[in-house]
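For reference, the chains in residue letters:
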Amino acid sequence: MKGIVFTEFLEMVESKFGLETVDNIIEQTNLSSEGVYTSVGTYDFNEMVSLITGLSDEVNIPVDDLIYTFGLYLFTGLANAHPEVIKSYNSPLGLLYSIEDHIHVHVKKLYPDAELPTFKILDKTDTSISMIYSSSRGLYRLAHGLIEKAFEHFNGSADITYELIKEDGTEVKFNITQNG
Ligand code: MNH
């Protein structure tokens, strides 16, 4: 998993829960990187799982809720790190429609070792999109937060529902309808 995900995660923990919580979860978790990340580095995905589990224990919030909250936070971090990617879009549905064929293709050029999910578009209208998230990492709640923030980025909002196609969350169908 790319370092930018780790640096954004620790920033979120600091801003929402404080520096002491950052220190506690890094101390209590057995991390091979000792909690030191650079945005261009690549680290074991299990290390992220440990950090999120540690945070969940520390603040008594379910892991899934924390992952969703992190998705909301991460969208802004990715958009700020790569403004050129976001600038090509003038609507959230246009952006979502292009994750697979443009955004993540661009990401793969920037970070050849990135491990990205796939999004298969099932249907798109002027006001809605449905698509299937697939990834062995099962981070569909992260996708949920990222999708929701994409609408906020364009000063809009959406009704977002999902259905697990596979119980372990490695394949999930999203139905997204924009409001207004
Ligand atoms: Mn994208 C990882 C979904 C926009 C760059 N992205 C992920 C993951 C999800 C995801 C989910 C977690 C990995 C996984 O599930 O297997 N990404 C989205 C969605 C949007 C999105 C739903 C839009 C909404 N992503 C973007 C944008 C950028 C970007 C915009 C950058 C300009 N994404 C990344 C990077 C990773 C990532 C970088 C980390 C890959 C890795 O850790 O190896």
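Residues numbered from 1 in each chain as written. Predicted model: local features only at pLDDT ≥ 70, side-chain atom pairs only at ≥ 80, totals over all residues. Heavy atoms only, no water.

Going by what an unreviewed UniProt entry lists, the protein chain is known as Heme NO-binding domain-containing protein and is assigned to Maribacter polysiphoniae.

### Overview of a negative patch on the surface
Taken together, Glu 11, Glu 14, Glu 20, Asp 23 and Glu 27 make up a surface patch of like negative charges. The leading source of residues in the negative patch is helix α2 (residues 19–28), at 3 residues. Relative accessible area serves as the criterion here: at 60%, Glu 20 is assigned to the exposed category. (Patch = residues over 30% accessible without salt bridge, like charges linked within 9 Å, V, L, I, M, F, W, Y side chains within 5 Å. Areas by Shrake-Rupley, 256 points an atom, 1.4 Å probe, with all protein chains shown as cover. Salt bridge = Lys/Arg side-chain N within 4 Å of Asp/Glu carboxyl O. Lys, Arg positive; Asp, Glu negative; His and termini not counted. Charge placed at Lys NZ, Arg CZ, Asp CG, Glu CD. Helix = DSSP H or I, 4+ residues; strand = E, 2+ residues; numbered from the N terminus. Buried < 20%, exposed > 50% of the residue type's maximum accessible area, 1.4 Å probe, protein only.)

### So, the packing of helix α1 (residues 3–17) against helix α3 (residues 45–59)
Two elements in contact, α1 and α3, have axes whose closest approach is 11 Å; the angle formed by their N-to-C orientations is 10 degrees. Considering their axes alone, α1 and α3 lie roughly parallel with respect to each other. Residue-level inspection shows Val 5, Phe 6, Phe 9, Met 12, Val 13 and Phe 17 of α1 in contact with α3, the latter providing Glu 47, Met 48, Leu 51, Ile 52, Leu 55 and Val 59. The residue inventory of the contact of α1 with α3, partitioned by class, reads 11 nonpolar, no polar and 1 charged. (Axes fitted to C-alpha atoms, helices over the stretch in contact; angles between N-to-C directions. Parallel < 35°, antiparallel > 145°, perpendicular 65-115°, else oblique. Contact = heavy atoms within 4.5 Å. Nonpolar A, V, L, I, M, F, W, Y, C, P; charged D, E, K, R; others polar.)

### Some thoughts on the pattern of salt bridges
The tally for this structure, following the rule as stated, stands at 4 salt bridges. Here Glu 152 makes a salt bridge to Lys 149, at a shortest N to O gap of 3.0 Å. Remark: Lys 149 and Glu 152 occur in helix α8 (residues 140–153); sequence separation between them is 3 residues, near one turn of the helix. Overall, the relative accessible area of 38% leaves Glu 152 in the partly exposed class. Here Lys 166 ties to Glu 171 by a salt bridge, and the two come within 3.2 Å at their closest N and O atoms. Since its relative accessible area comes to 22%, Glu 171 is described here as partly exposed.

### Details of the sheet that holds strand β4 (residues 171–178)
Pairing is antiparallel in the open sheet, where 4 strands are placed in the order β1-β2-β4-β3. At either margin of the open sheet sits one strand with a lone partner, and together these are β1 (118–124) and β3 (158–164). Pairs of neighbouring strands in the sheet enclose a mean axial angle of 20 degrees, with direction left out of account. Relative to β4, β3 runs antiparallel, the two being bridged by 7 bridges. Bridge pairing links Ile 160 to Ile 176 in β4. (Pairing = 2+ DSSP bridges.)

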